[in-house]
Amino acid sequence: MSGWQEFSGFNRGYVLELYEKYRENPSSVDAETRGVFEQWTPPALDEAPSAAAGTIPLEKVVGAVNLAESIRRYGHLAARLDPLGARPPIGDPSLLAATHGVTDEDLRSIPANLVAGPLDGVTTACDAIEALRRIYCSTTGYDYAHVFVPEEREWLRQASERGRFRAPADPIDPVALLDRLSQVEAFERFLQRTFPGKTRFSIEGLDMLVPVLDEVIAEAGEAGIRQILVGMAHRGRLNVMAHVLNKPYAQILAEFKDPVSRPFREDMAWTGDVKYHAGAHRAIKGGEAMDVVVSMPPNPSHLEAVDPIVEGMARAAGTSVDGAGAPIFDPARSVPILIHGDAAFPGQGVVAETLNLSRLPGYSTGGTIHIIVNNQLGFTTGPEDVYSTSYASGLARGFKIPIVHVNADDPEACVEAARLAFAYRARFQRDFLIDLIGYRRHGHNEGDEPAFTQPLTYQKIGWHPTAREIWASRLVERGVVSGEKAEGIYQARASEMQAAYEALRPEQDLVEPEPEAPPPGAAAKANTTVSIERLRELNASLLALPSDFTLHKKLERGREKRVHMLDAIDDRSVDWATAEELALASILSDGVSIRLTGEDVERGTFSHRHAVLHDFTNGRAHVPLQTLPQARAAFEVHNSPLTENAVLGFEYGYNVQEPSRLVIWEAQYGDFINGAQVVIDEFLVSARGKWGQRPSLVLLLPHAHEGQGPDHASARPERFLQLAADINMRVANCTTAAQYFHLLRRQAALLLVDPLPLVVLTPKSLLRHAMVASSPREFAEGRFRMVIQDHEAESRADAIRRVIVCSGKIYVDLMSAEQRADRPDVAICRLEQLYPVPMRDLRAVIDAYPEAGEVVWVQEEPENMGAWEFVRPHLQEVSGGRAVRRVARARSASPAEGSAARHTHHQQMLIAQAFGGKPVARPRTVVDVPAPQPR
Ligand SMILES: Cc1ncc(C[n+]2csc(CCOP(=O)(O)OP(=O)(O)O)c2C)c(N)n1
Ligand SMILES: [Mg+2]
């Protein structure tokens with residue numbers, strides 16, 4: 001047998017490297033290795049080798065090296081990772097010496113250096129293999145052979161084999177750790193006894209999560225990180241809130257009491273949320289440096305939905321935007337920690353979407369520390385039905401994230417994992433995953449009987465000592481503390497809980513966040529005009545290119561047109577894209593920074609934006625809004641990955657973390673927003689009422705029926721309008737470039753005084769339509785109009801019999817219709833802001849036509865979609881007794897026709913109906929309109 005051929009590429013390289021070292025300088029290797037090499041020459045790679053290392057047959061050396069490498073790669077398969085021992089290590093034949101044709105005796109005759117790598121203090125290969133087994137097959141499973149970058153793999157290998165983060169090299173205070181575990185356990189036991197059956201999602205079985213977080217946070221603080229963002233679900237959340245975020249026991253206990261006698265917030269804008277969804281902040285006083293802030297945002301029950309939100313928060317916290325140009329992100333300023341469930345991590349797609357953000361320039365947070373709180377169960381479902389990977393963490397392998405599986409009953413191993421995770425992140429700015437493997441002491445929640453489905457596991461758990469008990473016995477064995485002392489530590493922590501309970505005054509101790517009411521009328525008062533001089537200056541600056549920049553010919557023509565766009569103040573010359581760029585430029589010059597993201601937003605789906613220009617000769621990028629001399633704040637624009645859920649969540653997080661910045665996300669087409677419905681429902685529209693957050697994210701959603709088929713038509717305005725309540729957002733569908741300009745500027749002006757999410761249905765074909773263009777005067781003198789009157793019709797108001805009210809593109813279709821000429825009795829008004837419904841303005845617009853007998857809502861969407869069902873009662877309320885009708889496509893399950901010809905046919909029918917029928921004079925008797933229902 002030829003030993004040389006047995007070497008895998010890596011080991012072959014290692015032996016060759018060692019041999020090279022020896023040839024250059026024989027004393028650079030130790031005496032025993034020298035002895036081997038003195039009698040051995042590596043064969044040419046294509047030669048069948050036959051030489052053996054003197055008295056040690058070469059195949060034995062090969063076997064030893066391959067065995068060592070197998071232990072490094074696959075040792076985790078033999079590690080004791082399950083505290084219950086219910087899932088014994090699966091092992092692998094490659095971990096056995098015999099598989100490699102070596103015995104312990106052979107190994108004893110081989111010098112350690114051939115296999116030792118970073119290992120210290122070993123002389124023979126046998127010692128080295130034993131040491132490697134102790135490291136790789138213990139209560140930690142190092143799972144990072146999938147890391148591609150050799151430098152990173154080497155760093156990880158050095159760290160684990162040298163025990164860089166383990167005691168004694170990196171000491172642990174054993175008594176402080178015992179105290180911490182006592183606190184964690186006493187908290188749960190007290191709640192279990194005092195509030196039996198009340199849901200708290202106990203941490204028990206994964207108690208080490210708290211010391212692991214302590215460790216990461218302490219390391220982060222020491223490294224100068226100022227913002228730590230923690231995202232987690234229900235499991236162990238109360239314990240983490242109490243002990244990591246220092247939420248007072250009194251507040252937690254008061255929430256358990258849930259006193260009925262407290263004054264309830266009866267205004268419906270406030271619903272609050274259950275206690276295990278609440279967020280918390282903690283400022284830790286940092287010595288001579290600044291404070292460290294640890295924040296846990298609130299999150300909904302939807303597992304893992306908070307992941308991208310935390311990433312966005314961390315990105316915002318680490319980004320400075322004060323100067324013009326691109327913002328500066330510093331990974332040393334913030335760190336995100338994401339705590340996942342072992343069933344949720346592999347199951348929820350948003351996890352993969354979030355992991356995919358980690359290395360993208362527009363989204364990176366300089367590395368996330370992931371912790372799977374792996375209790376080997378998802379409610380009642382075991383691992384065999386939960387993931388197709390070998391471990392719950394399998395997904396992370398594809399992203400080349402180093403993984404450490406660790407037995408949660410071994411506190412020292414857990415602490416090492418935490419330190420290793422932070423140090424790796426600090427060194428490489430990449431994600432790291434700790435798979436903290438424990439069990440779940442109770443049912444899924446505390447009222448749930450786990451033995452129905454996992455009887456054997458729960459028999460075992462019944463007998464299994466707690467992490468604190470295990471650590472206490474270990475310390476007693478080591479003579480660090482006495483049994484009495486350990487018990488005393490626990491009792492002291494239990495008494496603290498008892499004392500907090502006895503001192504509780506539930507009504508007073510319960511603190512609910514108070515969402516502030518927006519200042520009345522702030523939106524209407526915002527001055528959004530920009531003087532014509534300033535607009536011209538901004539336009540000129542935006543058009544200026546670096547001297548050596550070659551533009552694509554077609555783009556050049558477009559920009560030439562723009563040079564004179566603002567010359568004639570009353571010409572309707574400014575198109576949608578220019579209006580947007582001028583709005584953004586003016587906002588930057590007002591000192592508000594902007595972040596714009598979405599699929600292909602740099603160019604724009606419809607090739608209209610060109611926020612990033614590419615030199616035609618060399619591809620070099622130029623971003624006009626980043627070189628704008630007038631700008632006083634940073635601008636960033638990023639093409640997003642092909643994702644809706646995680647990227648929208650990310651922008652939401654960015655927005656709530658730094659609410660003074662304007663954050664805009666654009667969908668490729670409006671309908672793709674449904675891929676992010678969880679973010680809409682659970683955060684964007686309801687976070688204010690549940691948690692007191694005040695988002696102001698802008699969504700640009702292309703929307704219009706243009707014959708492109710059932711998709712690419714509808715941004716589903718009906719969904720947003722169904723969710724509209726308690727003034728939780730603004731929804732607009734504007735029809736002119738100037739309206740869009742003022743809308744964006746109004747949003748920027750309201751960021752701090754009256755923030756609300758802004759949903760804008762945006763044009764597609766109308767982007768370049770002459771009717772949508774506006775005159776420069778409309779930018780310099782106007783404002784955003786929530787309703788637009790038909791001024792032409794107003795001049796013959798008494799002749800008007802039918803008031804059409806519509807929103808968006810159908811307005812242009814109606815105005816361009818031939819039939820209009822035959823109907824001087826029809827006025828066409830636009831509702832530009834769908835929510836909050838501008839009732840006063842709407843009433844005024846309709847009341848301008850005293851003889852009109854009917855109000856007709858015209859929409860191109862099917863009757864069961866679009867705004868009709870939402871606006872109907874509002875129109876009835878302001879119609880002054882006039883009949884309210886609608887013209888719409890017939891009710892339909894699918895938003896639009898698959899054939900362009902059918903689309904056109906239906907569109908023509910709509911227009912015909914809008915103008916058709918007999919004019920109706922206003923009835924002289926008042927029709928009884930049902931009064932709106934009280935809230
Ligand atoms: C998106 C979503 N689907 C379903 C649920 C219902 N649910 C709540 S907890 C749970 C099991 C979670 O298991 P795991 O992720 O392992 O966390 P654990 O409760 O074990 O800590 C399920 C299915 C949910 N909360 N969110
Ligand atoms: Mg679980």
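Not measured: the values here are computed from a predicted model.

A.B. asks: Help me out: how do you make sense of the overall build of the chain in this one?
C.D. replies: In terms of regular secondary structure, the chain is built from 36 helices and 24 strands. Its C-alpha atoms give the chain principal-axis dimensions of roughly 110 × 75 × 55 Å. Considering the chain as a whole, with its 935 residues, one finds that 58% of them fall into the buried category. Accessible area of the chain: about 37,400 Å², with a carbon and sulfur share of 53%.

A.B. asks: Is there a simple way to think about the coordination of the magnesium ion (ligand 2) in this case?
C.D. replies: Only Asp 342 (OD), Asn 375 (OD1) and Leu 377 (O) from the protein reach the magnesium ion (ligand 2) as donors, at distances of 1.9 to 2.0 Å. Counting the intervening residues between successive donors of the magnesium ion (ligand 2) yields the motif D-x32-N-x1-L. Of this pair, Asp 342 sits in the loop between strand E7 (334-341) and helix H14 (344-347) while Asn 375 sits in the loop between strand E8 (369-374) and helix H16 (394-398), and the two are 33 residues apart along the sequence. Exposure class is identical for Asp 342 and Asn 375. Each is buried.

A.B. asks: Looking at this structure, I do not really get the sheet that holds strand E22 (residues 833-835). What am I missing?
C.D. replies: Reading across from one edge, E14-E11-E15-E16-E18-E17-E22 is the order of the seven strands in this open sheet, with mixed pairing throughout. Single-partner strands in this sheet number two, and they are strand E14 (635-639) and E22. The average angle at which neighbouring strand axes cross in this sheet is 20°, direction not considered. Two elements, strand E16 (residues 698-702) and strand E18 (residues 758-762), share five bridges in a ladder whose sense is parallel. Paired with Leu 701 across the two strands is Leu 761, which belongs to E18. Contacts from helix H25 (residues 576-589) reach strand E11 (594-598), E14, strand E15 (662-666), E16 and E18, with the element oriented near 145° to E11.

A.B. asks: In this structure, what is going on with the environment of Asp 590? I would like to understand it.
C.D. replies: As for its placement among the helices and strands, Asp 590 is situated in the loop between H25 and E11. When the C-alpha atoms of Asp 590 and Ala 631 are compared, they prove to be 7.5 Å apart, with 41 residues separating the residues in sequence. Residues in contact with Asp 590, not counting those within four places in the same chain, are Arg 534, Arg 632 and Arg 745.

A.B. asks: Would you take a moment to explain the packing of aromatic side chains for this structure?
C.D. replies: The geometry of an aromatic ring pair comes down to the distance between the two centres and the angle between the two planes. Tallied over the full model, the rule gives 20 aromatic pairs. Ring pairing ties together the aromatic residues Trp 155, Phe 165, Tyr 424, Phe 428 and Phe 432, which thus form one cluster. Between Arg 830 and the ring centre of Tyr 811, over which it is positioned, the NZ or CZ distance is 3.8 Å.

A.B. asks: Looking at this structure, how should I read the environment of Pro 873?
C.D. replies: Summarising the element assignment, Pro 873 is placed in helix H35 (residues 868-878). Measuring from C-alpha to C-alpha, the distance between Pro 873 and Leu 543 comes to 47 Å, with 330 residues separating the pair along the chain.

A.B. asks: Would you take a moment to explain the site of ligand 1 for this structure?
C.D. replies: Around ligand 1, the surrounding shell holds 15 residues, and the nearest of these are His 234, Arg 235, Asp 342, Asn 375 and Leu 377. Within the backbone of Ser 301, one N or O atom sits 3.0 Å away from a nitrogen atom of ligand 1. Contact with the protein chains hides 74% of the accessible area of ligand 1, taken as 580 Å² for the molecule alone. When the residues that make up the shell around ligand 1 are grouped by side-chain class, the tally is five nonpolar, eight polar and two charged.

A.B. asks: Explain the nonpolar core to me, please; I cannot follow it from the model alone.
C.D. replies: Nonpolar side chains in soluble globular proteins generally cluster together in the buried interior. Counting 100 residues, the largest nonpolar core has Leu 209, Ile 228, Ile 337 and Ile 371 as the members making the most contacts within it. Residues within four places of Leu 209 in sequence aside, it is in contact with Ile 203, Met 232, Val 240, Ile 339, Ile 371, Val 373 and Leu 436. Counting 72 residues, the second largest nonpolar core, distinct from the first, contains Val 350, Ala 646, Phe 683 and Trp 691.

A.B. asks: When you look at the sheet that holds strand E4 (residues 292-296) in this model, what are you seeing that I'm missing?
C.D. replies: What holds strands together in a sheet is hydrogen bonding between their backbones, with the strands either parallel or antiparallel. Taken together, the eight strands give an open sheet; going across it, the order is E1-E9-E10-E8-E7-E2-E4-E3, and neighbouring strands pair in mixed fashion. The strands lining the two open edges of the sheet, one partner per strand, are strand E1 (140-143) and strand E3 (280-284). Pairwise comparison of adjacent strand axes, ignoring direction, gives a mean angle of 15° for this sheet. The pairing of E7 with E8 spans five bridges and is parallel. Paired with His 340 across the strands is Ile 372, a residue of E8.

A.B. asks: What's the story with the pattern of salt bridges in this structure? I'm lost.
C.D. replies: Side chains bearing opposite charge may pair, as long as their charged atoms lie close to each other. Taken as a whole, this structure holds 52 salt bridges when the rule is applied. Measuring nitrogen to oxygen at the nearest pair gives 3.1 Å for the salt bridge that ties Lys 247 to Glu 255. Here the two residues Lys 247 and Glu 255 agree in accessibility, since each one is buried. Between Arg 595 and Glu 636 there is a salt bridge, with the nearest N and O atoms lying 3.3 Å from each other. Here Arg 595 is found in strand E11, whereas its partner Glu 636 is found in strand E14, with 41 residues between them in sequence. No difference in accessibility class separates Arg 595 from Glu 636, as the two residues are buried. Here the salt bridges do not stand alone but share partners, grouping Glu 185, Arg 189, Arg 468 and Glu 469 into one network.

A.B. asks: Would you explain the pairing of E14 in this entry?
C.D. replies: Both faces of the sheet carry side chains from a regular strand, because those side chains alternate between them. Most of E14 is tucked away: four of the five residues are buried. Pairing analysis gives five bridges linking E11 to E14, with the strands arranged parallel. If you follow Leu 596 over to E14, its bridge partner there is Val 637.

A.B. asks: What am I meant to see in helix H13 (residues 306-317) here?
C.D. replies: One turn of an α-helix holds 3.6 residues; hence residues three or four places apart share an orientation. Here H13 contains twelve residues, and its C-alpha end-to-end distance of 16 Å stays within 8% of the 16 Å for a straight helix at 1.5 Å per residue. For H13, the buried fraction is high: twelve of the twelve residues fall into the buried class. Three or more residues of H13 are buried, namely Val 306, Asp 307, Pro 308, Ile 309, Val 310, Glu 311, Gly 312, Met 313, Ala 314, Arg 315, Ala 316 and Ala 317.

A.B. asks: Help me out: how do you make sense of helix H23 (residues 532-543) in this one?
C.D. replies: With twelve residues, H23 extends 16 Å between its outermost C-alpha atoms, agreeing within 8% with the 16 Å of an ideal straight helix rising 1.5 Å per residue. When we look at burial in H23, the residues that qualify are Ile 532, Leu 535, Leu 538, Asn 539, Ser 541, Leu 542 and Leu 543. Elements in contact with the buried residues of H23: helix H24 (553-563), H25, helix H30 (737-750) and helix H31 (776-781).

A.B. asks: Looking at this structure, I do not really get the pairing of strand E20 (residues 802-806). What am I missing?
C.D. replies: Burial analysis of E20 places five of its five residues in the buried class, the great majority of the element. With burial as the criterion, each face of E20 is covered, one bearing Arg 802, Ile 804 and Cys 806 and the other bearing Val 803 and Val 805. Bridge count between E20 and strand E21 (residues 826-831): five bridges; the pairing is parallel. Across the sheet, the residue bridging to Val 803 is Ala 827, located in E21.

A.B. asks: I would appreciate a short explanation of unusual backbone geometry in the present structure.
C.D. replies: Most peptide bonds take the trans configuration, and most residues that are not glycine carry a negative phi. Residue Pro 168 is bonded to the preceding Ala 167 through a cis peptide linkage, with omega at 5°. With respect to the secondary-structure elements, Pro 168 resides in the loop between helix H8 (150-162) and helix H9 (174-194). Backbone geometry places Gln 376, a non-glycine residue, at a positive phi of 60°. The topology assignment puts Gln 376 in the loop between E8 and H16. Even without a glycine there, the phi angle at Ser 607 is positive, about 60°. When you line up the elements, Ser 607 lands in the loop between E11 and strand E12 (613-614). Of the residues examined, Ser 607 reaches a relative accessible area of 29% and is grouped as partly exposed.

A.B. asks: What should I look at first to understand the packing of H25 against H30 in this one?
C.D. replies: Working note: a packed helix pair is described by the angle between its axes plus the distance between those axes. At their nearest, the axes of H25 and H30 sit 8 Å apart, and the two run at 25° to each other. With respect to H30, the element H25 is oriented roughly parallel. Judged by the sense of rotation from one axis to the other, the crossing of H25 with H30 is right-handed. Contact with H25, carried on its side by Trp 576, Ala 579, Glu 580, Leu 582, Ala 583, Leu 584, Ser 586 and Ile 587, involves Ala 737, Tyr 740, Phe 741, Leu 744, Arg 745 and Ala 748 of H30 and no other residues of that element. Of the residues contributing to the contact of H25 with H30, the split by class is eleven nonpolar, one polar and two charged.

What counts as what
- Residues numbered from 1 in each chain as written.
- Chains lettered and ligands numbered in written order.
- Predicted model: local features only at pLDDT ≥ 70, side-chain atom pairs only at ≥ 80, totals over all residues.
- Heavy atoms only, no water.
- Helix = DSSP H or I, 4+ residues; strand = E, 2+ residues; numbered from the N terminus.
- Buried < 20%, exposed > 50% of the residue type's maximum accessible area, 1.4 Å probe, protein only.
- Areas by Shrake-Rupley, 256 points an atom, 1.4 Å probe, with all protein chains shown as cover.
- Donors = N, O, S within 2.8 Å, 3.2 Å for Na, K, Ca; no water.
- Pairing = 2+ DSSP bridges.
- Axes fitted to C-alpha atoms, helices over the stretch in contact; angles between N-to-C directions.
- Contact = heavy atoms within 4.5 Å.
- Phe/Tyr/Trp six-rings, centres within 6.5 Å; stacked < 30°, edge-to-face > 60°.
- Lys NZ or Arg CZ within 6 Å of the ring centre and 35° of its normal.
- Near = heavy atom within 4 Å.
- Polar contact = N/O pair within 3.5 Å; in protein donor to acceptor, adjacent residues only side chain to side chain.
- Nonpolar A, V, L, I, M, F, W, Y, C, P; charged D, E, K, R; others polar.
- Core = buried A, V, L, I, M, F, W, Y, C linked by side-chain atoms within 4.5 Å.
- Salt bridge = Lys/Arg side-chain N within 4 Å of Asp/Glu carboxyl O.
- Expected span 1.5 Å × (residues − 1).
- Parallel < 35°, antiparallel > 145°, perpendicular 65-115°, else oblique.
- Left-handed = near helix turned anticlockwise from the far one by under 90°.

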